[in-house]
Every structure is written in structure tokens, then in C-alpha cells.
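Spelled out from the first residue to the last, the chains are:
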Amino acid sequence: MFTSSHFVRAKGSYCGSAVMIGFILSTVRGVSGNSRCAAGTCRSVLAERTVEGGPSWVLSSEYPSLESVELRSDLDRVRDLVKELARVENGISGYLDNCEQLSVSECQDNGVLDALTLSSKLKSEAEILLRNVGVFSSCEKSVDGSNTDARKKSLEVQEVAARLGEVTLSKDLFLMRCTDDLVSEFLSANNETKAEAAHIRRQRKLRDSRLSLQEEKLATSLSVNGHSSWGTMYSTISGTIQCDITLADGSKERVGLATAAGYLDNPSEAVRRSAFEGIRDSWAVHEESCAAALNSMVGWRLDMYKRRGLHFLDTPLHQNRMTRKTLDTMLRVVEDRSELARRVLRTKAKLLGKEKLDAWDLFAPVPAELAESQEIDGRYTFEEAVQLIKESVGSIDPEMGDFVQLMADKGWIEARKASQKVPGAYQTEFSKSRTPRVYLSDYNGGAGHVLTLAHELVSCSHAET
């Protein structure tokens, strides 16, 4: 997902994604009015056109299926690597307690440096293979939340990942606690170790909050059936939930959560309200389960922070490379400028002819009579949306425009309409082939969905860069 730390190279300078998305936004007036792409060649088609989803992505280039020989071979290789790493760990764990006093020469003589270097090499190979299988199973699960084979495979990946984490803990803790000279010697060993430089230096900031080796192993082992399982349960619920919606013609439809959310920007208030209430009522059936999941995940984190002697903000701030001062400043600015957002909502209510907005009006399009062309509900076909994004970002950086087209041509975008899709949008990458993918749980051609597609494609280009 996009964060402000992602940047792309554009004509000799670094241009933030927010700037690019804002540029696209300025060219998209698809909710109403006549609009053109940046280069003027892509016109939106209006007059209440219905757009029924986008393409399905191509995953077979990675594995033929969840049960394919190729996928199984990669998982088996990871298990073999885990066994080998467990043997290597024995050459590190015995020196962990006094690693802060060990010199470079001592670690060269006792074989610890060689063991650390070998562990790095084996872990790198294991992570690439395991991440590849994990991304594949997650992609399959996203498209069909009821796919039990994908859910089982994801759980299998989690279990193997936990075991991989356990057998590399000695190395991780050693490099957190040892001297700076020893870290420098390790990082200079080869390309695999050099690639860990940024990660290790950041992790060393957490050295005082680490538990003993056995406690860290226990926490890693328990996480699969502990807090991680609650997240898995939520994904299962959100991917299988069904909502009852009444459409503009009075017909009723039972759809998945992702499809129901696509109706929240419908020009008809009755449809928007039906979608909102359908989603709310469907979640109400699972409210106790979701509350239990949230409480358990938060409880796990708070217990771990307490054992590590951390404030509850320390870990998220570290993970997001922020200081407390930055967070406080950001929240203060949001609060100081909150009246601007309220003005926007009051203006929207006025345009919709309402005293105040209801919850189902937040994504409502501008009424037809206020549009430049006196038409309503502008929709872009998927192909038009790709062309719009390509030309918009391409006017800033031609290579990025080409990348957008490549994503579409290669079949690396998932945007079809399907009842069991897990709601949301994200970009990911297969670690073996280094090829990206973009997922949209639904695509209806509206301006919001075009911007979501642009957001993910631009974020995806950062990963490629």
C-alpha cells in the first residue's frame, strides 16, 4: 500500500505519488461533465453507462495451480533450507550470551562469522521462495474468499514462515547485540549480507527490547495460532459475506461485500442506502466474532509491548520510520484543518439537496443538473481508465506511462466483478520472477475506482523502481 515514503524518478527529480495522483484527479471529472485524458485522446463515456468490472490477472506464469508440482517443490525446498538453517544456528546460539564482548578476530576464529554469512545466504533463498508461494496463495484467496485450498495453503505458508523465523533468531539477535565493528565485517562479506545493511541497522535500535532467545522463539511459534489466526478469520469472513441489495429498478440482488461496496457511489440515493444498510446488516451477524478478533489482536500486542518494556506507540512508529514528534505534528495539523473537511461535506450535502449528509452519501456523485454537460454518472471502461492513467502519468514521466500499459498488456491487474472477492485494493510482487500484480476487489468505472487503480499502479511502479 502507498505511504508518503514512496517516490518515483521523474525528469531528474523525485516526485511524490500524491502529486501524480493529484494530477490524475485534476483530469478525471468522470462523475459528471465531459472529461479528457491529459493528452486529450481518451474521452469518458457518460449517460449512465454501466461498466461491469475489469480483467482477471494472469497467475499461471508463477505456478499452474495451488497443488502444482512446481509450488510443492518450492515449499519442500524451503523446508530443507529451514533444516539446514537449524544446524547453522547451533554455531551461533552458543556465543549469543557474550556476543557484545566478542571481537572480529575471535568470531573469525570460532566460525561465528562464517555461520552468520551462511545463515544470511540460506535465509535469503528461503524467503524468496516462501514469499512467492505466499503471494500466489494470497492472490488466489483474494479472488475467492471461500477457496479452502488457498486458505489452507496460506496457513501452511504461515507455519513454515514461523519456523523459518525461529531458526534465524540466533543470527538476528546476535547482529542486534554485537559490536559495530562485527556488524561492519559481516555486511562486507558479500552481496547477500550487504543487502541486509539497512534492516540490521534499524533492528539494532530495538536491541534493548528483545527478550531471551527462547522467549523470542516461543512468541514466534505461538503467533501462527495466536494473533495471526484472528486476521485469517477476518479475511475469511469478509471474503464470504453476502449482502442483500435493492437496485434502482426495484430488483433485488445478493452480492459479495466487494460488489456491494461498489454501489456506494451510485447516483441513486435509494441504491446507495440499500448498499450501505446491506453491508451493515451483513456485518452485524459477525459483530461478536469481529470484536473478539480485534480485542485479541490488540491484547496480544499490548502483552508483548509490556514484556518488551515498550510504549504502545514505539513499535508502530519504528515500523513507519516516524518519530513521536512527527506523529504529534501530523495529528495537530489534521485537527487544526478539520474545518476544511467539514466544509467539503456541508457543501456536498447542499449540492445533494440535503440538510446534512447521511453515511451512504459520502461517495455520491455530483447531481446531473450541476454537471457541465447536464449528464450523469460518467463511467470509464477499464481500457479507458488505463489509457487515462497512462497519459496522465506519462506526461510527467514517459517510462511510468509505459509501465502502466505494460501492467495491462501482461495481464497483471485483477479487477473483475465476482461475488466472493475479498474487499480492498493492493499491489504485490512475485519474488522469484520480480513481476508485480495489482488487485482491485471491484471495478465499476467510477472516478473513485479510476483513482484507486491509479493509486495502486503508481505504488506498484515504486516497487519496480
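Structure: above.
The rules behind each value
Residues numbered from 1 in each chain as written. Predicted model: local features only at pLDDT ≥ 70, side-chain atom pairs only at ≥ 80, totals over all residues. Heavy atoms only, no water. Helix = DSSP H or I, 4+ residues; strand = E, 2+ residues; numbered from the N terminus. Buried < 20%, exposed > 50% of the residue type's maximum accessible area, 1.4 Å probe, protein only. Contact = heavy atoms within 4.5 Å. Areas by Shrake-Rupley, 256 points an atom, 1.4 Å probe, with all protein chains shown as cover. Patch = residues over 30% accessible without salt bridge, like charges linked within 9 Å, V, L, I, M, F, W, Y side chains within 5 Å. Salt bridge = Lys/Arg side-chain N within 4 Å of Asp/Glu carboxyl O. Phe/Tyr/Trp six-rings, centres within 6.5 Å; stacked < 30°, edge-to-face > 60°. Expected span 1.5 Å × (residues − 1). Disulfide = S-S within 2.5 Å.

Visitor: Quick question: what am I supposed to make of the overall build of the protein chain here?
Guide: The helix and strand inventory of the protein chain stands at 20 helices and 7 strands. Per-residue burial over the protein chain gives 45% buried out of 465 residues. Restricting to contacts in the protein chain with at least 6 residues of sequence separation, those with at least 24 account for 72%. Just so you have it, the protein chain exposes about 23600 Å², and 52% of that area is on carbon and sulfur atoms.

Visitor: Mind showing me how you'd approach the environment of Asp-114 here?
Guide: When you line up the elements, Asp-114 lands in helix α4 (residues 112-143). Separated by 72 residues in sequence, Asp-114 and Phe-186 place their C-alpha atoms 8.9 Å apart.

Visitor: I keep staring at the side chain of Ser-142 and nothing clicks. Help me out?
Guide: With respect to the secondary-structure elements, Ser-142 resides in helix α4. Residues within four places of Ser-142 in sequence aside, it is in contact with Gln-420, Lys-421, Val-422, Tyr-426 and Tyr-439.

Visitor: Can you help me understand a nonpolar patch on the surface in this one?
Guide: A grouping of Val-298, Leu-302 and Phe-312 is seen on the molecular surface, where their side chains present a nonpolar patch of about 260 Å² in accessible area. Given a relative accessible area of 47%, Phe-312 falls into the partly exposed group.

Visitor: Just to check I follow, could you spell out the packing of aromatic side chains for this structure?
Guide: Geometrically, a pair of aromatic rings is defined through the distance of the ring centres and the angle of the planes. Under the counting rule described, the total for this entry stands at 6 aromatic pairs. Both rings, one in Phe-382 and one in Tyr-443, keep their centres 5.5 Å apart while their planes meet at 85°; by these two values the pair is edge-to-face. You can see Phe-382 sitting in helix α18 (residues 382-394) and its partner Tyr-443 sitting in the loop between β7 (435-440) and α20 (447-464), a full 61 residues away along the chain. Looking at Phe-382, the relative accessible area reads 6%, which means it is buried. Judged by relative accessible area, Tyr-443 falls into the buried class, the value being 0%. When the centroid spacing of 4.9 Å and the interplanar angle of 20° are considered together, the rings of Tyr-426 and Tyr-439 count as stacked. Here the residue Tyr-426 occupies a position in strand β6 (residues 425-430), and Tyr-439 occupies one in strand β7, the gap between them amounting to 13 residues. For Tyr-439, a relative accessible area of 1% gives the class buried. Joined through ring pairs, the aromatic side chains of Trp-57, Tyr-426 and Tyr-439 make up one cluster.

Visitor: Would you take a moment to explain helix α11 (residues 227-240) for this structure?
Guide: Three- or four-residue spacings in an α-helix give side chains the same orientation, since the helix completes a turn every 3.6 residues. Under the 1.5 Å per step criterion, the end-to-end length of α11 is 21 Å for 14 residues, consistent within 8% with the ideal 20 Å. Buried residues of α11: Ile-237, Ser-238 and Gly-239, and no others. Structurally, α11 contributes buried residues whose contacts are with α12 (257-261), α13 (269-284) and α14 (287-308).

Visitor: Whenever I open this one, the pattern of salt bridges confuses me. Can you help?
Guide: Two side chains carrying opposite charge are able to pair once their charged atoms lie near each other. This model, assessed by the stated rule, comprises 27 salt bridges. Here Glu-156 and Arg-79 are joined by a salt bridge, their closest N and O atoms 2.8 Å apart. Placement of Glu-156 in helix α5 (residues 148-167) and of Arg-79 in helix α2 (residues 69-93) is noted, with a sequence separation of 77 residues between them. You can call Glu-156 buried: its relative accessible area is 15%. Taking relative accessible area as the criterion, Arg-79 reaches 30% and is therefore assigned partly exposed. Lys-354 is paired through a salt bridge with Asp-361; the nearest N and O atoms lie 2.6 Å apart.

Visitor: Is there a simple way to explain the state of the cysteines in this structure?
Guide: Put plainly, a disulfide is one covalent bond tying together the sulfur atoms of two cysteines. Summed over all chains, the structure comprises 0 disulfides. We note that Cys-107 lacks a disulfide partner, and the nearest cysteine sulfur, in Cys-178, lies 7.2 Å from it.

Visitor: Is there a simple way to think about the environment of Glu-127 in this case?
Guide: Looking at where Glu-127 falls in the secondary structure, it is placed in helix α4. For Glu-127, a relative accessible area of 29% translates into the label partly exposed.

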